[in-house]
Amino acid sequence: MSFLRACSLSDLAEDEPKRVDLNGVPVAIVRTEGEVFAINDICSHANVSLSEGEVEDCMIECWLHGSSFDLRSGKPSGLPATKPVPVYPVKIEGDDVLVSVNQES
Ligand code: FES
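Residues numbered from 1 in each chain as written. Predicted model: local features only at pLDDT ≥ 70, side-chain atom pairs only at ≥ 80, totals over all residues. Heavy atoms only, no water.

Each helix and strand in the protein was counted, giving zero helices and ten strands. Looking at the protein residue by residue over its 105 residues, the buried ones come to 44%. Just so you have it, the protein exposes about 5500 Å², and 44% of that area is on carbon and sulfur atoms. Separation between the mean location of the 8 positive side-chain charges and that of the 18 negative ones in the protein comes to 6 Å. (Helix = DSSP H or I, 4+ residues; strand = E, 2+ residues; numbered from the N terminus. Buried < 20%, exposed > 50% of the residue type's maximum accessible area, 1.4 Å probe, protein only. Areas by Shrake-Rupley, 256 points an atom, 1.4 Å probe, with all protein chains shown as cover. Lys, Arg positive; Asp, Glu negative; His and termini not counted. Charge placed at Lys NZ, Arg CZ, Asp CG, Glu CD.)

This part covers the pairing of strand 9 (residues 90-93). Bridge analysis of strand 9 against strand 10 (residues 96-99) gives four bridges, and the strand direction is antiparallel. Residue pairing across strands places V90 opposite V99, the latter belonging to strand 10. Between the end of strand 9 and the start of strand 10, which pair antiparallel, lie two residues, with G94 showing a positive phi angle near 65°. (Pairing = 2+ DSSP bridges.)

Here, UniProt's "domain: Rieske" (unreviewed entry) annotation points to residues 4-99. Secondary structure across residues 4-99 comprises 0% helix and 44% strand; the distance between its end C-alpha atoms is 5 Å. (UniProt positions renumbered as here; feature names shortened; annotations may be inferred.)

Below, the discussion takes up the sheet that holds strand 3 (residues 25-32). Remark on secondary structure: sheet strands pair via backbone hydrogen bonds, oriented parallel or antiparallel. Spatially, the four strands line up as an open sheet ordered 2-3-4-8, and their pairing is antiparallel. The open sheet has two free edges, formed respectively by strand 2 (18-22) and strand 8 (87-88), since each of these has just one partner strand. Across six bridges, strand 3 lies against strand 4 (residues 35-40) in antiparallel orientation. Counted as the bridge partner of T32 is E35 from strand 4.

One open sheet accounts for three strands, arranged 5-6-7; its pairing is antiparallel. Looking at the sheet topology across the chains shown, the edges are occupied by strand 5 (55-56) and strand 7 (68-70). One ladder, built from two bridges, connects strand 5 with strand 6 (residues 59-61); its direction is antiparallel. Bridge pairing in strand 6 links E56 to M59.

Pasting the structure below:
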């Protein structure tokens, strides 16, 4: 599994998602509840950037129709989205946030 540097840990404000591009994959990096998560930035319902939504209780909410996705599993909590969004493994090394987009989990 190869990890790519996504951003600096110190660049991430709590509950403020940051969109990055990793090998052409749009990823929302989210720091919340003492952890850092990486989730594909595109809602599974339509082509909407999840990083523009709100973060609460380890979920990120799609601003367009309100489905929330679990940052740990990518699963939606309710309609209209029915499919999960890919989530990716994260490693922290010093101030570097590293993400592996090769293998979806
Ligand atoms: S586009 Fe995200 S819930 Fe509809």
